[in-house]
Amino acid sequence: MREEKIKVLAGAGLLSAAAIWGFAFVVVKNSLDVIPPAYMLAIRFTIAAVMLAALCWKRLRNLKRGTVWAGAVLGFWLFASYLLQTIGCQYTTAGKNAFLTSAYVIIVPFLYWILAGQRPDAYCITAAVLAVTGIGLLSLQGDLSMNVGDILTLVCAMGFALHMVYIDKYTQSWDPVVLTALQLAFAALFSWLASPVLDGGLPSGIFGTDMIISMLYLGIFSTMIGFLLQNVCQKYTSPDMASLLLSAEAVFGAFFSILLLGERMSGRMVAGCVMLFAAVILAETKLSFLSKGAAAFFPDDYMDSTYDIDFERLYREGYRGLLFDIDNTLVPHGKPADSRAVRLFERLRKIGFKSCFLSNNQRERVESFNDSIGESFIEDAHKPSVVNYNRAMEYLGTDTSNTLFIGDQIFTDIYGAKRAGIRNILVKPIHPKEEIQIVLKRHLEKIVLHFYEKRRGDNIR
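The text that follows walks through the structure, step by step, so that each part is easy to find. (Residues numbered from 1 in each chain as written. Predicted model: local features only at pLDDT ≥ 70, side-chain atom pairs only at ≥ 80, totals over all residues. Heavy atoms only, no water.)

**Side note on the environment of Arg-365**
Our working rule: Strands are runs of DSSP state E lasting at least 2 residues, helices are runs of H or I lasting at least 4, and numbering of each runs from the N terminus. In what follows, a contact means two residues having at least one pair of non-hydrogen atoms within 4.5 Å.
Inspection of the secondary structure puts Arg-365 in helix H16 (residues 363–370). Counting along the chain gives 38 residues from Arg-365 to Asp-327, while the straight-line C-alpha distance between them is 9.8 Å. Excluding anything up to four places from it in sequence, Arg-365 contacts Ile-326, Asp-327, Val-331, Pro-332, Gly-334, Lys-335 and Pro-336.

**Things to note about the pairing of strand S2 (residues 321–324)**
As a reminder of what qualifies: Exposure is judged per residue with a 1.4 Å probe applied to protein chains only, and the accessible area is read against the type maximum: over 50% gives exposed, under 20% gives buried, and values in between give partly exposed. Strand pairing is assigned whenever DSSP detects at least two bridges linking the two strands. Whether a crossover is right-handed depends on one test, that the path from the first strand over the helix to the second runs clockwise when the strands point away from the viewer.
Neither face of S2 is left uncovered, since the one carrying Gly-321 and Leu-323 and the one carrying Leu-322 and Phe-324 both have all their residues buried. Relative to strand S3 (residues 354–358), S2 runs parallel, the two sharing 4 bridges. Along S3, the bridge assignment pairs Leu-322 with Ser-355. In this region the chain leaves S2, passes through helix H15 (residues 339–351) and returns to the parallel neighbour S3; the handedness of that crossover is right-handed. Pairing between S2 and strand S5 (residues 403–407): 4 bridges, direction parallel. Note that in S5 the partner of Leu-323 across the bridge is Phe-405.

**A closer look at the side chain of Asn-97**
The criterion, for reference: Polar contacts, as counted here, are pairs of nitrogen or oxygen atoms within 3.5 Å of one another; within protein the pair requires one atom able to donate a hydrogen and one able to accept it, and residues that are adjacent in sequence qualify only if both atoms are side-chain atoms.
Mapped onto the elements of the fold, Asn-97 is located in helix H4 (residues 94–101). At 2.9 Å, the side chain of Asn-97 forms a polar contact with the side chain of Thr-153. Not counting residues up to four positions away in its chain, the partners in contact with Asn-97 are Phe-25, Gln-85, Gly-88, Cys-89, Thr-92 and Thr-153.

**Brief notes about the pattern of salt bridges**
Cut-off, in case you're wondering: Each reported salt bridge corresponds to a side-chain nitrogen of Lys or Arg within 4 Å of a carboxyl oxygen of Asp or Glu.
This model, assessed by the stated rule, comprises 14 salt bridges. The residue Glu-367 makes a salt bridge to Arg-363 at a minimum N-O spacing of 3.6 Å. Of this pair, Glu-367 and Arg-363 both sit in helix H16, 4 residues apart, which is roughly one turn of the helix. With a relative accessible area of 34%, Glu-367 lands in the partly exposed category.

**Here we look at the environment of Lys-454**
Tracing the backbone through its elements, the reader meets Lys-454 in helix H19 (residues 436–460). Classification of Lys-454 as partly exposed rests on a relative accessible area of 41%. A sequence separation of 354 residues divides Lys-454 from Leu-100, and the C-alpha atoms of the two residues are 33 Å apart.

**Some points on the side chain of Asn-424**
Tracing the backbone through its elements, the reader meets Asn-424 in strand S6 (residues 423–427). With residues near it in sequence (within four places) discarded, Asn-424 still touches Pro-299, Asp-300, Asp-301, Leu-404, Phe-405, Ile-414, Ala-417 and Lys-418.

**What to know about the pairing of S6**
Counting buried positions over the 5 residues of S6 gives 4, a clear majority of the element. Pairing of strand S1 (residues 301–303) with S6 involves 3 bridges; the strand directions are parallel. Bridging from a neighbouring strand, Tyr-302 pairs with Leu-426 of S6. As judged from the 4 bridges shared by S5 and S6, these two strands associate in the parallel manner. Considered in S6, the bridge of Leu-404 is made with Arg-423. Crossover connection from S5 via helix H18 (residues 410–420) to parallel S6: handedness right-handed.

**Side note on the nonpolar core**
How we decide: Definition of nonpolar core: a set of buried residues of the types Ala, Val, Leu, Ile, Met, Phe, Trp, Tyr and Cys, connected through side-chain atoms within 4.5 Å.
Formed by 45 residues in total, the largest nonpolar core has its most connected members in Phe-45, Leu-184 and Leu-218. The set of elements that each furnish at least two residues to this core consists of helix H1 (2–31), helix H2 (37–55), helix H3 (65–91), helix H7 (148–170), helix H8 (176–199), helix H9 (209–233) and helix H10 (239–246). Of the residues forming this core, the biggest block, 10 residues, is contributed by H2. Leu-184 has contacts with Phe-45, Ala-48, Ala-49, Leu-52, Leu-78, Thr-223 and Phe-227, leaving out every residue within four places of it along the chain.

**Thoughts on the packing of aromatic side chains**
Where we set the bar: When two rings of Phe, Tyr or Trp (its six-membered ring) have centres within 6.5 Å they constitute a pair, described as stacked for plane angles under 30 degrees, edge-to-face for angles over 60, and tilted for the intermediate range. Ring-over charges, as used throughout, are those where CZ of Arg or NZ of Lys falls within 6 Å of the ring centre and within 35 degrees of the ring normal.
One pass over the full model with this rule turns up 24 aromatic pairs. When the centroid spacing of 5.2 Å and the interplanar angle of 85° are considered together, the rings of Tyr-82 and Phe-160 count as edge-to-face. Placement of Tyr-82 in helix H3 and of Phe-160 in helix H7 is noted, with a sequence separation of 78 residues between them. For Tyr-82, a relative accessible area of 11% translates into the label buried. Counting every residue linked through ring pairs, the aromatic cluster contains Phe-311, Tyr-315, Phe-324, Phe-345, Phe-353, Phe-357 and Phe-369. One Lys or Arg, Arg-340, reaches over the ring of Tyr-307 and ends 3.9 Å from the middle of that ring.

**Examining the packing of helix H5 (residues 104–116) against H7**
What counts, and what does not: Note on geometry: axes are C-alpha line fits, over the in-contact stretch for helices, and angles between N-to-C directions span 0 to 180 degrees. For this classification, under 35 degrees means roughly parallel, over 145 means roughly antiparallel, 65 to 115 means roughly perpendicular, and everything else is oblique. Two helices cross in a left-handed way if the nearer one is turned anticlockwise from the farther one by less than a right angle. They cross in a right-handed way if the turn is clockwise. In the scheme used here, Gly and all other residues not listed as nonpolar or charged are polar, with Ala, Val, Leu, Ile, Met, Phe, Trp, Tyr, Cys and Pro taken as nonpolar and Asp, Glu, Lys and Arg as charged.
Contact pair H5 / H7: the axes reach a minimum separation of 8 Å and the direction vectors enclose 60°. Comparing the axis directions of H5 and H7 gives the class oblique. Remark: the crossing between H5 and H7 carries right-handed chirality. Between H5 and H7, the contacting residues are Tyr-104, Ile-107, Val-108, Leu-111, Tyr-112 and Leu-115 on the first element and Ala-157, Met-158, Phe-160, Ala-161, Leu-162, Met-164, Val-165 and Asp-168 on the second. The residue makeup of the contact of H5 with H7, split by class, is 13 nonpolar, no polar and 1 charged.

**Things to note about H4**
Helical periodicity: at 3.6 residues per turn, an α-helix aligns residues three or four positions apart in one direction. For H4, the tally of buried residues reaches 8 of 8 residues, placing the bulk of the element in the interior. Turning to H4, its buried residues number three or more, namely Ala-94, Gly-95, Lys-96, Asn-97, Ala-98, Phe-99, Leu-100 and Thr-101.

**Describing unusual backbone geometry**
Where the residue is not glycine, phi is negative for most of them; where a peptide bond is considered, it is trans in most cases. Following Lys-383, the chain continues to Pro-384 via a peptide bond in cis, the omega torsion being 15°. Tracing the sequence through the fold places Pro-384 in the loop between strand S4 (376–378) and helix H17 (387–396). Unlike most non-glycine residues, Asn-328 shows phi in positive territory, near 65°. In this fold, Asn-328 is placed in the loop between S2 and H15. A residue is classified by how much of its surface remains accessible, and Asn-328, at 1% relative accessible area, is buried. Of note, Asp-380 is a non-glycine position whose phi angle comes to about 45°, a positive value. Counting through the fold element by element, Asp-380 comes out in the loop between S4 and H17.

Structure below.
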């Protein structure tokens, strides 16, 4: 219970970081009317660097040359990326700025391909196609041109991708907390050096109450607390879930820009945002969260046919009760018991098994099938409800430890058996002709079976 609570709190922390960063796009957009980009970054990074250094000063006492160099490299890419992003925000909307920045997630795997020869997988390639399409819908104008703000934001995404690559490289050798403090300090230094050149003199409006509050928000919340939440909370949650929660930054950015800045998005732009967000999720998670969700429906075993099962071996393993679905498990849908089915149950009785049919069909159908078999049955079973799984075991005088269920549908037969705690075997449908509602479910079953086969293949390897 305590571990689950920690995971929930960690997830809430990561989502909070995403919300903090999303709101920062609005703060930046408002502040650019008074404070130019380079000075804004200089103040923001200085506040964050000073406060983080005060928190971890003991770790900074024995710096080595390699650590300082690594911090300088990270600080440069952080400064360059944020500078391009902030300048870009002057010429485009905060919402577009947020979504286009998130493209760095798709760029990272391709940089690894160039720099380290690690070829991106199919998920990354698909994500790249989605991202390019989404960027086009979001940013291309009527003449297929892009405004300068969108272009600068996309270049900034490349900078963030390089920053991520170097983080992965340097954190293998150096303390990540020290690197974070150093990169913020160097980013502040580069910003102060660039400010007079890019922005001229220090603007007088910087000392206004509104601007002080904005800079404190960007320095304390968006930079220091945001990074701190990310570093701490990622430790207690899975990488795919962390990336999924943090990718919500773009959604929060668009939401706050519409709510607070009155920005509007056309249907085409919304479609672009959705595609770009989907690309980010695909590249970050590889759909592993779907795999985990699908695992709730994984069968214990998967066979080509009921008639291929080694029932003698199962009896030797201690199983005594068998629960069967009927349609497309034993015979084609709606067909009577054939000679093969009759011989199977004669064999099962000789082995020593007790059997019961558990079907969602009405009594007439189930009873007519059972006329040639002579076993117990429960019609209109409402699978995957566990009530009639338990009732069937009472009929047989067995329990969950020595009962086995065999069926052809994942979301009724197998899921119900799993909920009841009964070992189960999924079999392939005998015939493709089925009712329309079952045909539709088969498409969803293909997704579950894809992840099931992938996991089974990984376990074999």
